[in-house]
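# Results of the structural survey
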Amino acid sequence: MRRSPKDQEGDHRKLSRRALLLGGMQLGLVGALAARMRYLQIDQADQFRLLAEENRINIRLLAPARGEIFDRNGRVLAHNSPSYRIIIVPEDAGDVEQVIGKLSELIPLPPEDIERARTEIRRGRPFLPITLADQLNWEDISKVAVNAPALPGITPEVGLTRIYPQLDDFAHVVGYVGPVSDYDLSKLEAPDPTLRIPRFQIGKVGFEAKREDLLRGTAGAKRIEVNAGGRVMRELDRKEGQAGADMQLAVDTELQNYAQARLGKESAAVVVMDCENGDLRAIASAPSFDPNQFVRGISVADYRMLTDDPYRPLANKTVQGTYPPGSTFKMVTSLAALEEGLIGPEDTVYCPGHLEVSGRRFHCWKRAGHGHVDLNTSLKQSCDVYYYDLAIKVGIDKISAMANRLGLGVRHDLPMSAVASGLAPNRDWKSRVKGQEWLVGDTVNASIGQGFILASPLQLAVMTARLATGRNLSPRLIKSIDGIEQPSGAGESLGLNENNLRMVRRGMYSVSNDRRGTGYRSRIIAEGMRMGGKSGTSQVRNITAAERAAGVIRNKDLPWERRDHALYVCFAPFDDPKFAVSVIVEHGGGGSSVAAPIARDVMLQALYNGTPPLEAYPKGDRKRIKAQQDRLARERAKRAENPDSDRA
């Protein structure tokens, strides 16, 4: 049926409206898309550009050069040396095991290093480099470079590692570094990102650990371009880090070398302190160890040898070891009594060989006794009974306070590991720590440096320096940082009566220079260099009444670990003190026979700033001293010719 023109016109209007509606909808959609594109490409361009850059560019940290360590004269104690290593990129290597096998035919690869590398390869991504061997020599690197075509994925690299050229002489002072461990990171709340650099080395013990904050430096950074898989394409730029601070210690290498050699195979320690500014000129602990072994990664067998050694080579006996100071403590007791006005130089005490206190007999070292003894004689001949009587008069609290004043029972703030506080106990200490009342017998024991009293060789050197000068000297280990001189340890006056100090010093002079003095055989005879000293022998076992009645067993007849400790402290020159020295020989026996000769020899080495003339020694010692000097000179020459012999 044919439609009328009117119906056709209506249909045309409906079609036009529908087309217009569809067109409008299309136009609106295109407009919305355009607006969105404008928002993304123009309004948000900076944000998306940043996101794109982050996906394309990575920032990687660059390890800073560690600060170097020198002695007071500029001799190197720790420095950085180029370290050659071999890395492997697993995806470039193809058959990793085959490549490792070929590499092991060229250079020695320890099994533990190979196993460690395999573990890292399994855990990591195939394009990340893994260290196969570290601290190689140039010959090994050359072999790898020549055979590079046959070693796909293998690349030689150069980094820095720590070297300690003085070997075992400064191991306890400087310490050593090692790779960052999970344990190291666990001790930090917010670890420095630098510590996560692979194989990054930090201080583990000693000065290296205590001044890690200054020695480490600040990491640099490099920008690298990576593809979508994270593979490095190229380096865009780099900013080198800031090297750590160079540190100059107060220690004298030559004197330290001598002190370490003079201690020999003993389990012993010696400290030399400058009486003018508190500088620690030598601080030697024996036996020692080569810190370079720990940097490289010490073997289980070598480490077990160190830990199983009864002489404890890993322990720093100078600051960590605390011992009963024995008769070297008698100056503290006498000075406490002098300051309280309880004795005078002429006052005497009768010594029959023992003193009865609260029903217990306290013996003097001289079984027959010393007779009537004054202050000077008590120090010269080291009479115990004199100090038993003195301590009862003055009391433990005054003795403890004087000990603190002279540097005992006080932790000296030094950048070294495990610096001990020692112990100068009083009544409150025993009540608080032991839950017991202080007894008169405790005071009697303390008067001669036994009982609860404990001191380190460092503290004894401080005590001696303060007695010699009357000043509050503090030990100083750091001389300068990046060339900037550090505060002196000279200190102000202790506020002690000079006449009292003079009487104590005079007693110490008699110890070394009077024929009846306990240290007379180890005296200095050079004019202007005579010294004042005090020997000490501290017991590490109880002597029973039965043993005393039958005769006390001689030290040489006892097992080593049950023998007495030998101690000696001294200062010189007597009229113008330059140095204070303390020595302890663990289980060495008598202080006057074992520790005193070492202290005298080290003191002369310090006074003469090198090998002293034989005329400074008593005639009877000169032949032995000459042989000793020649032997030590040969050892030093041998080391100078082959400084790496101990590291082979």
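Shown above is the structure to which this text applies.
Notes on the structure follow. (Residues numbered from 1 in each chain as written. Predicted model: local features only at pLDDT ≥ 70, side-chain atom pairs only at ≥ 80, totals over all residues. Heavy atoms only, no water.)

Across all of its chains, the model carries one cavity of 30 Å³ or more by this definition. Computed from the structure, the largest cavity encloses a volume of approximately 40 Å³. Around the largest cavity, the lining residues are Leu 77, Tyr 164, Gln 166, Leu 167, Phe 170, Ala 171, Val 174, Gly 175 and Pro 291. When the residues that make up the lining of the largest cavity are grouped by side-chain class, the tally is seven nonpolar, two polar and no charged. (1 Å grid on protein atoms, 1.4 Å probe; cavity = no way out; pocket = protein on both sides within 12 Å on 5 of 7 lines; lining within 4 Å. Points joined across faces, edges and corners; volume = space filled by probe spheres on them. Nonpolar A, V, L, I, M, F, W, Y, C, P; charged D, E, K, R; others polar.)

This brings us to a nonpolar patch on the surface. Taken together, the side chains of Leu 21, Leu 22 and Met 25 make up a nonpolar region of the molecular surface, amounting to roughly 330 Å² of accessible area. Locating Leu 21 in the fold gives a position in helix H1 (residues 5-43). On the accessibility criterion, Leu 21 (54% relative accessible area) is exposed. (Patch = residues over 30% accessible without salt bridge, like charges linked within 9 Å, V, L, I, M, F, W, Y side chains within 5 Å. Areas by Shrake-Rupley, 256 points an atom, 1.4 Å probe, with all protein chains shown as cover. Salt bridge = Lys/Arg side-chain N within 4 Å of Asp/Glu carboxyl O. Helix = DSSP H or I, 4+ residues; strand = E, 2+ residues; numbered from the N terminus. Buried < 20%, exposed > 50% of the residue type's maximum accessible area, 1.4 Å probe, protein only.)

With that settled, consider the pattern of salt bridges. Applying the stated rule across the entire model yields 33 salt bridges. Residue Asp 279 pairs with Arg 72 through a salt bridge whose shortest N-O separation is 3.1 Å. Here the residue Asp 279 occupies a position in the loop between strand S11 (268-274) and strand S12 (280-286), and Arg 72 occupies one in the loop between strand S2 (69-70) and strand S3 (76-88), the gap between them amounting to 207 residues. Across the pair, Arg 72 and Asp 279 agree in class, each one buried. Across the pair Arg 505 and Glu 498 runs a salt bridge, and its minimum N-O distance is 2.7 Å.

Turning to its location among the elements, Ala 286 is positioned in strand S12. Each C-alpha atom, one on Ala 286 and one on Thr 318, is 9.3 Å from the other, the two residues being 32 residues apart in sequence. Apart from the residues within four sequence positions on either side, Ala 286 is in contact with Gln 260, Leu 263, Gly 264, Glu 266, Ser 267, Ala 268 and Lys 317. (Contact = heavy atoms within 4.5 Å.)

Take unusual backbone geometry next. At the junction of Ala 286 and Pro 287, the peptide bond is cis and its omega measures out at -5° in the coordinates. Structurally, the position occupied by Pro 287 is in the loop between S12 and helix H12 (292-296). Following Ala 572, the chain continues into Pro 573 via a peptide bond in cis, with omega recorded as -15°. Positionally, Pro 573 belongs in the loop between strand S20 (565-572) and strand S21 (579-585). Non-glycine residue Leu 167 carries a positive phi angle of around 55°. Looking at where Leu 167 falls in the secondary structure, it is placed in the loop between strand S5 (154-163) and helix H7 (171-174). Looking at Leu 167, the relative accessible area reads 2%, which means it is buried.

Moving on: the side chain of Asp 384. Counting through the fold element by element, Asp 384 comes out in helix H16 (residues 384-394). What makes Asp 384 buried here is its relative accessible area of 7%. A polar contact is formed between the side chain of Asp 384 and the backbone nitrogen of Trp 365, at a distance of 3.0 Å. The residues contacting Asp 384, other than those within four sequence positions of it, are Ser 327, Lys 330, His 363, Cys 364, Trp 365 and Ile 448. (Polar contact = N/O pair within 3.5 Å; in protein donor to acceptor, adjacent residues only side chain to side chain.)

Let us now look at the side chain of Gln 166. Within the secondary structure, Gln 166 sits in the loop between S5 and H7. Here Gln 166 falls in the buried class, since its relative accessible area comes to 11%. Leave out the neighbours within four places in its chain, and Gln 166 touches Arg 75, Val 76, Leu 77, Thr 253, Asn 257 and Arg 639.

Okay, the environment of Tyr 608 next. For Tyr 608, the position within the fold is in the loop between helix H23 (591-607) and helix H24 (622-641). Residues Tyr 608 and Met 529 lie 79 residues apart in sequence; the distance between their C-alpha atoms is 9.8 Å.

When strand S14 (residues 354-357) meets strand S15 (residues 360-363), the two strands line up antiparallel, connected through four bridges. By the bridge assignment for S15, Leu 355 is matched with Phe 362. Two successive antiparallel strands, S14 and S15, enclose a turn made up of two residues, where Ser 358 displays a positive phi of approximately 50°. (Pairing = 2+ DSSP bridges.)

Our focus in this paragraph is the nonpolar core. Within the largest apolar cluster, 55 residues are counted, with the highest numbers of intra-cluster contacts made by Val 332, Leu 335, Tyr 386, Leu 406, Met 463 and Leu 467. Top element by residues in this core is H16. It accounts for seven residues. Non-local contacts of Leu 335, meaning those with residues more than four positions away in its chain, are made with Met 402, Leu 406, Leu 467, Leu 496, Asn 500, Leu 501 and Val 504. (Core = buried A, V, L, I, M, F, W, Y, C linked by side-chain atoms within 4.5 Å.)

Turning our attention to the packing of helix H14 (residues 330-339) against helix H21 (residues 498-513). It is at 10 Å that the axes of H14 and H21 come closest, and there the two elements cross at 150°. Comparing the axis directions of H14 and H21 gives the class roughly antiparallel. In the crossing of H14 with H21, the sense of the turn from one axis to the other is right-handed. Here H14 contributes Met 331, Ser 334, Leu 335, Leu 338 and Glu 339 to the contact with H21, which in turn contributes Asn 500, Leu 501, Met 503, Val 504 and Met 508. (Axes fitted to C-alpha atoms, helices over the stretch in contact; angles between N-to-C directions. Parallel < 35°, antiparallel > 145°, perpendicular 65-115°, else oblique. Left-handed = near helix turned anticlockwise from the far one by under 90°.)

This paragraph deals with the packing of aromatic side chains. Between two aromatic rings, the relevant description is the distance of the centres plus the angle of the planes. Within this structure, the stated rule accounts for 11 aromatic pairs. Pairing Phe 289 with Phe 294 gives two aromatic rings, centres 5.5 Å apart and planes at 70°, and the pair type is edge-to-face. There is no split in this pair, since Phe 289 and Phe 294 are both buried. Here the guanidinium or amino end of Arg 506 rests over the ring plane of Tyr 509, the centre of that ring lying 5.1 Å away. Across from the ring centre of Tyr 520, 3.9 Å away, lies the NZ or CZ of Arg 523, which sits over that ring. (Phe/Tyr/Trp six-rings, centres within 6.5 Å; stacked < 30°, edge-to-face > 60°. Lys NZ or Arg CZ within 6 Å of the ring centre and 35° of its normal.)

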